[in-house]
Amino acid sequence: TNPLTGDWTEAPDSFTFDPATLFDADQGIPALLTEATGSAELIEDAASADDVPDAAQHYRLRTTVAAQRVAVLTGGLVTEESEVDLWIDIETSRVVEARFDLSIDGAESSWRMTISDYDAEVTIVPPELAAAG
């Protein structure tokens, strides 16, 4: 969606983000988890962030993510090292949410990615685009 209007619009040709990259073992979230091994900090109170469902069912980890990995995860919109919080389901060990906040030129930018329905069949229906103009 257009970040200013919220309308669905066709992305410019220069926008080349591929959401499948998020799940790529060498570039996306799996690579982030591999790189964080040994440097992640367990946050004892998983519920200490807003809007975390069933906090008692999750581990909350905090790690610093290299600028290159952040760039991949944000489609190149953020290109600096960032501290990321990950919520991991205790029972399945799957990532259910990743969050990070940045200050860019004095403005706060918050990023949230929630992952659910692992292994579910997916049907993608193109959104109705807003009229140009």
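Residues numbered from 1 in each chain as written. Predicted model: local features only at pLDDT ≥ 70, side-chain atom pairs only at ≥ 80, totals over all residues. Heavy atoms only, no water.

Caption draft 1: Quick peek at the pattern of salt bridges. Applying the stated criterion across every chain, the model contains 6 salt bridges. The shortest N-O distance in the salt bridge between Asp 119 and Arg 94 comes to 3.0 Å. Residue Asp 119 is located in the segment after β5 (107–114), and its partner Arg 94 is located in the loop between β3 (82–89) and β4 (95–104); the two are separated by 25 residues in the primary sequence. Using a relative accessible area of 32% as the deciding quantity, one classes Arg 94 as partly exposed. In this structure, the salt-bridge partner of Glu 97 is Arg 99, at a minimum N-O distance of 2.2 Å. (Salt bridge = Lys/Arg side-chain N within 4 Å of Asp/Glu carboxyl O. Helix = DSSP H or I, 4+ residues; strand = E, 2+ residues; numbered from the N terminus. Buried < 20%, exposed > 50% of the residue type's maximum accessible area, 1.4 Å probe, protein only.)

Caption draft 2: Geometry of the sheet that holds β4. Spatially, 5 strands are ordered β1-β2-β3-β4-β5 in an open sheet, and the strand pairing comes out antiparallel. Only two strands of the sheet have a single neighbouring strand rather than two, namely β1 (41–43) and β5. Here the strands of the sheet are splayed against their neighbours by 25° on average, with no regard to which way each runs. Judged from the 8 bridges that link them, β4 and β5 form a sheet pairing that is antiparallel. What sits directly across from Ser 103, in β5, is Glu 108. (Pairing = 2+ DSSP bridges. Axes fitted to C-alpha atoms, helices over the stretch in contact; angles between N-to-C directions.)

Caption draft 3: The arrangement of the nonpolar core in detail. Judged by nonpolar contacts, the single largest core of 16 residues is most densely connected at Ile 29, Val 84, Leu 86, Val 95 and Phe 100. Listed by contribution, the elements that provide at least two residues to this core are α1 (29–36), α2 (67–73), β3 and β4. Considering each element in turn, this core owes the most residues, 4 residues, to β4. In contact with Leu 86, not counting residues within four places along its chain, are Leu 32, Leu 33, Tyr 59, Arg 60, Leu 61, Val 95, Glu 97 and Ala 98. (Core = buried A, V, L, I, M, F, W, Y, C linked by side-chain atoms within 4.5 Å. Contact = heavy atoms within 4.5 Å.)

Caption draft 4: Spotlight on the packing of aromatic side chains. In this structure the tally under the stated criterion is 1 aromatic pair. With centroids separated by 5.9 Å and ring planes inclined at 0°, the aromatic side chains of Phe 100 and Trp 111 adopt a geometry described as stacked. Of this pair, Phe 100 sits in strand β4 while Trp 111 sits in strand β5, and the two are 11 residues apart along the sequence. The class for Trp 111 is partly exposed, based on a relative accessible area of 24%. When the ring centre of Trp 87 is taken as reference, the NZ or CZ atom of Arg 99 above it lies at 4.9 Å. (Phe/Tyr/Trp six-rings, centres within 6.5 Å; stacked < 30°, edge-to-face > 60°. Lys NZ or Arg CZ within 6 Å of the ring centre and 35° of its normal.)

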